[in-house]
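The chain contents come next:
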Amino acid sequence: QVQLVESGGGLVQAGGSLRLSCAASGSIFSINTMGWYRQAPGKQRELVAAIPSLGSTIYADSVKGRFTISRDNAKNTVDLQMNSLKPEDTAVYYCNLVDITSSGYWGQGTQVTVSS
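Residues numbered from 1 in each chain as written. Predicted model: local features only at pLDDT ≥ 70, side-chain atom pairs only at ≥ 80, totals over all residues. Heavy atoms only, no water.

### Quick word on the packing of aromatic side chains
Right, on to step 1. Applying the stated rule across the entire model yields 2 aromatic pairs.
Right, on to step 2. Ring plane angle 90° and centroid distance 6.4 Å describe the contact between Tyr-94 and Trp-106, whose orientation is recorded as edge-to-face. Taken together, the positions of Tyr-94 in strand β9 (residues 91–99) and Trp-106 in strand β10 (residues 104–106) put the pair 12 residues apart, joining distant regions of the chain.
Right, on to step 3. Among the aromatic residues, those joined into a ring-pair cluster are Tyr-37, Tyr-94 and Trp-106. (Phe/Tyr/Trp six-rings, centres within 6.5 Å; stacked < 30°, edge-to-face > 60°. Helix = DSSP H or I, 4+ residues; strand = E, 2+ residues; numbered from the N terminus.)

The structure is reproduced here in structure tokens:
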């Protein structure tokens, strides 16, 4: 089993920045993809950004140029630096890990609220 624990959400004004962090623990295959998803009220959960242990990062078009995902393979952590935040970025953000067996894991979620 893999456990994911997120931190760093909160309330920020439009144009501000937040940094989300996620730490994975448990039985983790070294080859995996870690990422961040978000779900706004009344909407489906959507991919924000993902970063494989080997390979290129992926970003949703809506966050390109504003958000940066990074990971530390030695520590099994993934961060999401969010700049130039907009009210439409308001959502619960979830950390996700998919390993080489295609097993997927989710964190408990952290609220990000951007006020206008």
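Now that the structure has been shown, we can carry on.
### Notes on the sheet that holds strand β8 (residues 77–82)
Right, on to step 1. Within the open sheet, the 4 strands sit side by side as β1-β3-β8-β7. Their pairing is antiparallel. Unpaired on one side and paired on the other, β1 (2–7) and β7 (67–72) mark the two borders of the sheet. For this sheet, the mean inter-axis angle between neighbouring strands, taken without regard to orientation, is 15°.
Right, on to step 2. Bridge count between β1 and strand β3 (residues 18–26): 6 bridges; the pairing is antiparallel. Opposite Ser-7, over in β3, you have Ser-21 as the bridge partner. (Pairing = 2+ DSSP bridges. Axes fitted to C-alpha atoms, helices over the stretch in contact; angles between N-to-C directions.)

### Quick look at the side chain of Thr-110
Right, on to step 1. Among the structural elements, Thr-110 can be located in strand β11 (residues 110–115).
Right, on to step 2. Residue classification places Thr-110 among the buried positions, given a relative accessible area of 12%.
Right, on to step 3. At 3.3 Å, the side chain of Thr-110 forms a polar contact with the backbone nitrogen of Gly-9.
Right, on to step 4. Excluding residues within four positions of it along the chain, Thr-110 makes contact with Glu-6, Gly-9, Leu-20, Ala-91, Val-92 and Tyr-93. (Buried < 20%, exposed > 50% of the residue type's maximum accessible area, 1.4 Å probe, protein only. Polar contact = N/O pair within 3.5 Å; in protein donor to acceptor, adjacent residues only side chain to side chain. Contact = heavy atoms within 4.5 Å.)

### Digging into the pairing of β3
Right, on to step 1. In the sheet, β3 pairs with β8 via 6 bridges, with the strands oriented antiparallel. Of the residues in β8, the one forming a bridge with Arg-19 is Gln-81.

### As for the pairing of β8
Right, on to step 1. With 6 bridges connecting them, β7 and β8 associate as antiparallel partners. Counterpart to Ser-70 in the pairing with β8 is Asp-79.
Right, on to step 2. Connecting the antiparallel pair β7 and β8 is a turn made up of 4 residues, with Asn-76 showing a positive phi of about 55°.

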